[in-house]
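In case you want the letters, here they are:
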Amino acid sequence: MSDNVLVQRHGAVATITLNNAEKLNALTFGMWMRLGEVMRELDADESLRCIVLRGAGDKAFASGADISEFATERANSSQAKAYGEAIHGTMRAIADCRHPTVALIQGACVGGGLEIASMCDLRICGASSRFGVPVNRLGLVMAYGEMQGLMMLVGRATALEIVLEGRVFGADEAREKGLVNRVVPDDKVIEEAYATARRIADGAPLAARWHKRFINRLGDPRPLTEAERDESYACFDTEDFRIGYRAFLAKKKPEFKGQ
């Protein structure tokens, strides 16, 4: 089963590949579980600076959960709850990862695939990519934990449109809805996604982690504590800050250490 979720590392950038191309990278229960494990493992690796998530081949990022398992894994509400809680754990592992994440989207990104992509920090797709959550055709719903990322990304009105109509739509409409950050020609998706990852990796990793955490925190309506506000200035005590401003003054490229 580990072969269905592949991990590769090139320098400070890791790539996670959902590897079930013969089924358009549909996720089995084992794949959902392994994806969560991998995200938690990579989160703990402080030498990383960016993670790219993608599907095997160029036909799909992921086409959702493997429907062939429903009769055994989601045949009733109690089974579905256990299955859903596992999925929610994986979603949280993606969203809570300290490292920035980029979804490299080729082809179909629907159902659970769109749920995964919505939990990433950035989404870059090809012009022929397709998006949607057509679960109304199956008679099932997106549970709260599955809908959270979509709702936060596009808002109430658009989330309702996506789940109530169940349409599968194209890349330009996905960009209009705020589902993706960038649409590029199909033959440029890989190049652009990794160029994005490199730009992130070239920046100060501590600053990237703080920015990600601050933006996530600002989505919480609770007032900021004094300690949280003070954390906004902690970067000025880091070695990376000293490296960065000295390199700027010297007109050199900074070599950040994550310290």
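Not measured: the values here are computed from a predicted model.

Trainee: I'm lost on the pattern of salt bridges in this one. Help?
Mentor: Close approach of charged atoms allows side chains with opposite charge to pair. Here the structure, examined in full by the defined rule, presents 22 salt bridges. In this structure, Glu165 and Arg167 form a salt bridge, with 3.6 Å as the shortest nitrogen-oxygen distance. One salt-bridge network, in which partners are shared between bridges, spans Glu161, Glu165, Arg167, Glu173 and Lys177.

Trainee: What is the right way to read the nonpolar core from this model?
Mentor: Among soluble globular proteins, nonpolar side chains are generally buried collectively. Core analysis: the biggest nonpolar cluster contains 49 residues, and Ile116 and Phe131 have the highest contact counts within it. With sequence-adjacent residues up to four places away left out, Ile116 is seen in contact with Leu18, Leu27, Trp32, Leu35, Leu53, Phe61, Met91 and Ile94. The next biggest cluster of nonpolar side chains, apart from the first, holds 13 residues, and it includes Leu104, Val189, Tyr194 and Ile200.

Trainee: Would you mind showing me how to read the sheet that holds strand E8 (residues 130-132) here?
Mentor: Strand pairing in a sheet takes place through backbone hydrogen bonds and is either antiparallel or parallel in direction. If you walk across this open sheet you meet the four strands as E4-E6-E8-E9, and the pairing is mixed. Edge positions in the sheet fall to strand E4 (60-62) and strand E9 (168-170), since each has one partner strand and no second. Between one strand and the next, the sheet's axes are offset by a mean angle of 25 degrees, whatever the strand orientation. Where helix H4 (residues 112-119) meets the sheet, its contacts fall on E4, strand E6 (108-110) and E8, and the angle it forms with E6 comes to roughly 85 degrees.

Trainee: Could you clarify how one ought to interpret a nonpolar patch on the surface in this entry?
Mentor: Together, Tyr245, Phe248 and Leu249 give the surface a local cluster of nonpolar side chains, amounting to about 390 Å² of exposed area. Mapped onto the elements of the fold, Tyr245 is located in helix H11 (residues 239-250).

Trainee: Please explain H4 as it appears in this structure.
Mentor: Along an α-helix, residues three or four apart share an orientation, since each turn contains 3.6 residues. The element H4 is largely enclosed, with a buried count of eight among its eight residues. Turning to H4, its buried residues are Gly112, Gly113, Leu114, Glu115, Ile116, Ala117, Ser118 and Met119.

Trainee: Before we go on, may I ask you to explain the environment of Trp32 in this structure?
Mentor: Inspection of the secondary structure puts Trp32 in helix H1 (residues 29-43). Measuring from C-alpha to C-alpha, the distance between Trp32 and Val141 comes to 18 Å, with 109 residues separating the pair along the chain. Trp32 has contacts with Leu27, Ala65, Tyr83, Ile87, Thr90, Met91, Gly112, Glu115 and Ile116, leaving out every residue within four places of it along the chain.

Trainee: Which parts of the structure should I look at to understand the environment of Ile124?
Mentor: Tracing the backbone shows Ile124 in strand E7 (residues 122-126). Here Ile124 falls in the buried class, since its relative accessible area comes to 1%. In this structure, the C-alpha to C-alpha distance between Ile124 and Gln8, residues 116 residues apart in sequence, is 19 Å. When residues no more than four places from it in sequence are discounted, the contact partners of Ile124 are Val102, Ala103, Leu104, Ile105, Arg182, Val184, Val189, Glu192, Ala193 and Thr196.

Trainee: I would appreciate a short explanation of the environment of Ala21 in the present structure.
Mentor: Mapped onto the secondary structure, Ala21 falls in the loop between strand E2 (13-18) and H1. Look at Ala21 and you get partly exposed, because its relative accessible area is 40%. Along the primary structure Ala21 and Ile87 are separated by 66 residues, whereas in three dimensions their C-alpha atoms are 20 Å apart.

Parameters at a glance
- Residues numbered from 1 in each chain as written.
- Predicted model: local features only at pLDDT ≥ 70, side-chain atom pairs only at ≥ 80, totals over all residues.
- Heavy atoms only, no water.
- Salt bridge = Lys/Arg side-chain N within 4 Å of Asp/Glu carboxyl O.
- Core = buried A, V, L, I, M, F, W, Y, C linked by side-chain atoms within 4.5 Å.
- Buried < 20%, exposed > 50% of the residue type's maximum accessible area, 1.4 Å probe, protein only.
- Contact = heavy atoms within 4.5 Å.
- Pairing = 2+ DSSP bridges.
- Helix = DSSP H or I, 4+ residues; strand = E, 2+ residues; numbered from the N terminus.
- Axes fitted to C-alpha atoms, helices over the stretch in contact; angles between N-to-C directions.
- Patch = residues over 30% accessible without salt bridge, like charges linked within 9 Å, V, L, I, M, F, W, Y side chains within 5 Å.
- Areas by Shrake-Rupley, 256 points an atom, 1.4 Å probe, with all protein chains shown as cover.

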